[in-house]
Amino acid sequence: GREPVPGGEAPTNLEAIRTLTNRCRECPIGDLATQSVPGEGPQRARLMFVGEQPGDQEDLQGRPFVGPAGQLLSRALTELGFSRDAVYVTNAVKHFKFELRGKRRIHKTPAQQEAAACLHWLESEIDLVQPEGIVALGATAARQLMGAAVSVTRLRGQWLERADGRRVLITLHPSALLRMDPADKEAAYAAWLDDLRKAGPLFE
Ligand code: URA
């Protein structure tokens, strides 16, 4: 069984996660964010995608993966013939952590302690959705899902198994592709599609 939620009740449905994460102050990130960004998708999705944390656009809209990284993810799923509507998309951390540079809000990687504090929300989503498989987008998601650091470079394209028996497909975060040298982008994108294709049987 899961650890009791620190300082509060465990959510009994997905809608409750928005309200509960909005007022969550188990780490300091929530104080600066506009709102929390819970996952989105069917209650009974066979496949769950987990990113790192909301970005600028996600923070403003309250929806996961709607900015540039999300657009790349949507494009990849479309190219593979998979429907994004069939999957549940969420993040390891539910609030946007950033640093102000002038008027721009620059993404800051959440500290391990912050991700750890947020983990029970992700585990609640997993409990409620009961996905058959989970895709970890990047190292933060992989670490939270597996409970230990995962070398994404070494293990990408592989299904790992969690202690609870659930399978986790390791791959890169779309932001990593966006940051790449233009000369490397095309090949890296093709390799990413090859990773994602391994989740193909779980797309409805
Ligand atoms: N990056 C993430 O990890 N998640 C989002 O929702 C958007 C960008």
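Scroll up to find the structure this text is about.
Predicted model only: the values in this text are computed from it and were never measured.

Draft legend 1. Quick look at the packing of helix α1 (residues 14-22) against helix α4 (residues 112-129). Where α1 contacts α4, the axes come no closer than 10 Å and their chain directions differ by 170 degrees. Looking at the two axes, α1 sits roughly antiparallel to α4. On α4, the residues touching Leu14, Ile17, Leu20 and Thr21 of α1 are Trp121, Ser124, Glu125, Leu128 and Val129. Here the residues of the contact of α1 with α4 sort into six nonpolar, two polar and one charged.

Draft legend 2. Representation of helix α3 (residues 68-79). With 12 residues, α3 should reach 16 Å at 1.5 Å per residue; the first-to-last C-alpha distance of 17 Å fits that figure. Those residues of α3 that fall on the buried side of the exposure criterion are Ala69, Gly70, Leu72, Leu73, Ala76 and Leu77. For α3, the angular spread of buried residues about the axis comes to 160 degrees, placing them on one side. With respect to the buried face of α3, the exposed residues turned more than 90 degrees away are Pro68, Gln71 and Thr78. At its buried positions, α3 is contacted by β1 (47-51), β5 (133-137), α7 (174-179) and α8 (182-197). Just past α3, the residue Gly81 takes up positive phi, approximately 80 degrees.

Draft legend 3. Just the pairing of strand β2 (residues 88-91), in detail. Side-chain alternation along β2 places Tyr88 and Thr90 on one buried face and Val89 and Asn91 on a second face that is also buried. Note: β1 against β2, four bridges, orientation parallel. Looking across to β2, one finds that Val50 is bridged to Thr90.

Draft legend 4. Just the pairing of strand β4 (residues 104-107), in detail. In the sheet, strand β3 (residues 98-101) pairs with β4 via four bridges, with the strands oriented antiparallel. Each residue of the ladder has a partner; that of Phe98, found in β4, is His107. The hairpin turn running from β3 into β4, its antiparallel successor, is two residues long, and Gly102 in that turn takes a positive phi close to 65 degrees.

Draft legend 5. Up close: the site of the ligand. Inspection of the region around the ligand gives Gly51, Glu52, Gln53, Pro54, Gly55, Glu58, Pro64, Phe65, Asn91 and His173 as its neighbouring residues. Backbone polar atom of Phe65 to an oxygen atom of the ligand: 2.8 Å apart, as the coordinates give it. Taking His173, its side chain carries an N or O atom lying 2.6 Å from an oxygen atom of the ligand. Isolated, the ligand exposes 230 Å² of accessible area, and the fraction of that covered by the protein chains is 93%.

What counts as what
- Residues numbered from 1 in each chain as written.
- Predicted model: local features only at pLDDT ≥ 70, side-chain atom pairs only at ≥ 80, totals over all residues.
- Heavy atoms only, no water.
- Axes fitted to C-alpha atoms, helices over the stretch in contact; angles between N-to-C directions.
- Helix = DSSP H or I, 4+ residues; strand = E, 2+ residues; numbered from the N terminus.
- Parallel < 35°, antiparallel > 145°, perpendicular 65-115°, else oblique.
- Contact = heavy atoms within 4.5 Å.
- Nonpolar A, V, L, I, M, F, W, Y, C, P; charged D, E, K, R; others polar.
- Expected span 1.5 Å × (residues − 1).
- Buried < 20%, exposed > 50% of the residue type's maximum accessible area, 1.4 Å probe, protein only.
- Arc of directions from axis to C-beta.
- Pairing = 2+ DSSP bridges.
- Near = heavy atom within 4 Å.
- Polar contact = N/O pair within 3.5 Å; in protein donor to acceptor, adjacent residues only side chain to side chain.
- Areas by Shrake-Rupley, 256 points an atom, 1.4 Å probe, with all protein chains shown as cover.

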